[in-house]
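Notes for the structure review
If you want the building blocks of each chain, they are given just below.
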Amino acid sequence: MRRRDVLWHLGAGLLMLAGATFAGEAQVSPGENPHPVHLVRPHAAPLSAMAQLGQKIFYDPSLSSSGQLSCASCHSPQHAYGAPNDGPVMLGGADLTRQGARAVPSLGYLERQPNFSIGPEQSDDNVVSVTIVAALGQKSTRATKTATGTAASAANIVPQGGLFWDGRADTLQGQALFPLLDPREMDGGSIERVAGLLRHAPYFERFVGLFGAGVLNSSRLLVSEAMFAVARYQFEDATFHPYTSKYDYWLEGKARLSESELRGLQLFNDPDKANCAGCHLSSPTRDGLPPLFTDHQYEALGAPRNAALIQNRDPTYFDLGVCGPQRKDIAERQYCGMFLTPTLRNVATRHAFFHNGVFGSLQQVLDFYNFRDTNPEKIYPLGADGRLQKYNDIPQAYRTNVDVADPPFNRHPGDEPAMTPQDEADIIAFLKTLTDGFQPARSTD
Ligand code: HEC
Ligand code: HEC
């Protein structure tokens, strides 16, 4: 996290809590942002013809083998483009009984997601080839990430960007093919089969209009253009990135946070307390882009194994994120167990949290952050030998990859937890201000 963001925060946060104002500044009521900013939202325009075609495809269940699953079935517009169900994962396949491998992420706020790379933190200029730097990274040690940032962190070599929990796809276009063909999801079978379905879709004429008749001759081209259209839809349609949360309006001085929400924001940003902003960035960028609540980096946090996942009945199976088994191009073992830091926008609308959906509520997530190191017995099960199985979803050999440096993970058994129960409740209250659809005009609180 960049230093300038933090100064902005601490200044704003402290002022508000005290309800004070500096001489010469406008008087603000409690809960108002004393330093309103102008947020630059994506330009809203009617959908292009390409995006309109993408919208049709996004909602078309006939492209799945079951005839019942469209992209929107798992990425539901009524649920911030996340899963509509309460389970840890969704079911797919021909008869909708095959369990997905991971929790369904929201499709919101991906429009600024950088490509996958392994390189120095915060520096787009120096990012070189993934394989070269992956090897380099083996020799570098991680510096601590705190909500106030450190100069040393610039030397970190970290995986960042990309789509999916492990970053294995780069573009929305390339990504969309995975669920179409995945036997646990839409189960499309093959490119040829999907192309055949597209040729018979009611919107098929639009392909010819947009790409010319030639597009029908090559299955690969047809499916690729279809995926391009779906990507355009997600990019152009404002409902994927509305930036209409209470927090956005608070940043702009158009909404007030309650006492609890404000305390939550402060704790969220406090490097000695929750330190959430160390990874889930909460400040607008210098250019006024609204915060995305992710630094787009990967971390191994050591979430407990989810016994509800069928794949986990095999004791030798481990989902290790960046180093496989789903993605196969990163051999370096120091990235095993790392998953993408997700956005926290609309997080209160979700029912399954973390890559394996092991947590079912924000309370459980907060307890994980708070107690993983001070009271691990609250988080992990006991083994048959009666010993606590800390980090039980990562094989022993890779447990040293788990982040024990960034607060609140830098504590030890017996230490005071970073948060009190009230702190946790306040942070949850703050997280709820990140849900889109807030009406600024009607609210004073
Ligand atoms: C059966 C449920 C299901 C269906 C249907 C489905 N997805 Fe997904 N989607 C998932 C899951 C699960 C993930 C996370 C997979 C992973 O990380 O390995 C995901 C991830 C994604 C991501 C990456 C999001 C991120 O934050 O990195 C995008 C984009 C996406 N899906 C788009 C689509 C599109 C477009 C379609 C339709 C062509 C679609 N999905 C259909 C379940 C589904
Ligand atoms: C060191 C970086 C880091 C810090 C600090 C951090 N997080 Fe996270 N957060 C992550 C990563 C990485 C994941 C995904 C981990 C996984 O799936 O295994 C995550 C996942 C989450 C999720 C689940 C979101 C979803 O869609 O499933 C929530 C909620 C969350 N964090 C909230 C918080 C809060 C609240 C704090 C402060 C108490 C915090 N985080 C501190 C990196 C961090």
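Worth saying up front: this structure is predicted, and the values here are computed from it rather than measured.

**Here we look at the overall build of the protein**
- When its secondary structure is counted, the protein shows 12 helices and 6 strands.
- For the protein, the share of sequence-separated contacts (at least 6 apart) that also reach a separation of at least 24 residues comes to 71%.

**Let's talk about the nonpolar core**
- Of all hydrophobic cores here, the largest spans 92 residues; its most connected members are Ala226, Ala229, Val230, Phe268 and Ala274.
- By residue number, the principal contributor to this core is helix H8 (residues 219–236), which donates 9 residues.
- Domain assignment of the residues forming this core places at least three in each of domain 1 (1–35 + 244–445) and domain 2 (49–110 + 168–240).
- Contact partners of alanine 229, with chain neighbours within four places excluded, come to Met50, Leu53, Gly54 and Ile57.

**Let's talk about helix H6 (residues 191–199)**
- For H6, every residue scored as buried is listed here: Val194, Ala195, Leu197 and Leu198. The buried side chains of H6 occupy one side of the element, clustering within an arc of 160 degrees when seen end-on. H6 presents Glu192 and Arg199 as exposed residues on the side facing more than 90 degrees away from its buried surface.

**Digging into the site of ligand 2**
- Within the structure, ligand 2 sits among 26 residues, and Ala274, Cys276, Cys279, Glu299 and His355 are positioned closest to it.
- Of the residues that constitute the shell around ligand 2, the class distribution is 16 nonpolar, 5 polar and 5 charged.

**Some remarks on the packing of helix H2 (residues 49–58) against H8**
- Contact pair H2 / H8: the axes reach a minimum separation of 7 Å and the direction vectors enclose 100 degrees. Here H2 is positioned roughly perpendicular relative to H8, judged by the angle of their axes. Contacts between H2 and H8 involve Met50, Ala51, Leu53, Gly54, Gln55, Ile57 and Phe58 from the first element and Ala226, Ala229, Val230, Ala231, Arg232, Tyr233 and Glu236 from the second.
- Tallied by class, the residues present in the contact of H2 with H8 amount to 10 nonpolar, 2 polar and 2 charged.

**Focus: the site of ligand 1**
- Residues in close proximity to ligand 1 total 25 residues, the closest being Cys71, Cys74, Phe164, Trp165 and Pro179.
- At the level of secondary structure, the elements contributing two or more residues to the shell around ligand 1 comprise helix H3 (71–74) and helix H5 (172–181).
- Tallied by class, residues from the shell around ligand 1 come to 17 nonpolar, 6 polar and 2 charged.

**With respect to the pairing of strand E4 (residues 157–160)**
- Covered by surrounding structure in E4 are Ile157 and Pro159 together with Val158 and Gln160, the residues of both alternating faces.
- Where strand E3 (residues 117–120) and E4 come together, 4 bridges link them in antiparallel fashion. From the neighbouring strand, isoleucine 118 faces E4, where its bridge partner is proline 159.

**Thoughts on the environment of threonine 420**
- Within the secondary structure layout, threonine 420 lies in the loop between helix H11 (362–371) and helix H12 (421–431).
- Of the residues examined, threonine 420 has 13 C-beta atoms within 10 Å and is grouped as partly exposed.
- With 147 residues separating them along the chain, threonine 420 and lysine 273 place their C-alpha atoms 9.8 Å apart.

**Describing the environment of phenylalanine 359**
- Here phenylalanine 359 shows up in the loop between strand E6 (339–340) and H11.
- Between the alpha carbons of phenylalanine 359 and proline 88 there is a distance of 7.9 Å; along the sequence they are 271 residues apart.
- Filtering out sequence-adjacent residues up to four positions away, phenylalanine 359 remains in contact with Phe353, Phe354, Gln364, Val365 and Phe368.

**Remarks on unusual backbone geometry**
- Between glycine 324 and the following residue, proline 325, the backbone shows a cis peptide bond with an omega angle of 5 degrees.
- One can find proline 325 in the loop between strand E5 (298–299) and E6.
- For the bond running from proline 407 to proline 408, omega is 5 degrees, close enough to zero to count as cis.
- Here proline 408 shows up in the loop between H11 and H12.
- Phi is positive for asparagine 275, close to 60 degrees, though the residue is something other than glycine.
- The residue histidine 296 is not glycine, and still its phi comes out positive at about 65 degrees.

**Remarks on the packing of helix H10 (residues 259–269) against H12**
- Axis separation between H10 and H12 bottoms out at 7 Å; the angle between their running directions is 100 degrees. When the axis of H10 is compared with that of H12, the two are roughly perpendicular. When H10 is examined against H12, the residues Ser260, Glu261, Arg263, Gly264, Leu265, Leu267 and Phe268 are found in contact with a partner set consisting of Asp423, Asp426, Ile427, Ala429 and Phe430.
- Tallied by class, residues from the contact of H10 with H12 come to 6 nonpolar, 2 polar and 4 charged.

**Notes on H11**
- Listed as buried for H11 are Leu362, Val365, Leu366, Phe368, Tyr369 and Asn370.
- On its buried face, H11 sits against H12.

**What to know about the confidence of the model for the protein**
- When pLDDT is averaged across the protein, the result is 87; 85% of the residues are at 70 or more.
- Low pLDDT, under 50, characterises residues 123–142; the stretch is placed with 28 contacts to residues that sit more than four places away or in other chains.
- Contacts for the low-pLDDT stretch residues 150–154, under 50 throughout, to residues beyond four places or in other chains number 10 contacts.

**Focus: the environment of leucine 216**
- Of note, leucine 216 is situated in the loop between helix H7 (204–211) and H8.
- On a C-alpha basis, the gap between leucine 216 and phenylalanine 204 in space is 9.5 Å, while along the polypeptide they are 12 residues apart.
- The residues contacting leucine 216, other than those within four sequence positions of it, are Arg199, Val208 and Leu222.

Reading the values: the criteria
Residues numbered from 1 in each chain as written. Chains lettered and ligands numbered in written order. Predicted model: local features only at pLDDT ≥ 70, side-chain atom pairs only at ≥ 80, totals over all residues. Helix = DSSP H or I, 4+ residues; strand = E, 2+ residues; numbered from the N terminus. Contact = placed C-beta atoms within 7 Å. Core = buried A, V, L, I, M, F, W, Y, C linked by C-beta atoms within 7 Å. Buried ≥ 20, exposed ≤ 12 C-beta atoms within 10 Å, placed from the backbone. Domains from an automatic or database assignment. Arc of directions from axis to C-beta. Near = placed C-beta within 6 Å. Nonpolar A, V, L, I, M, F, W, Y, C, P; charged D, E, K, R; others polar. Axes fitted to C-alpha atoms, helices over the stretch in contact; angles between N-to-C directions. Parallel < 35°, antiparallel > 145°, perpendicular 65-115°, else oblique. Pairing = 2+ DSSP bridges. pLDDT = per-residue confidence, 0-100.

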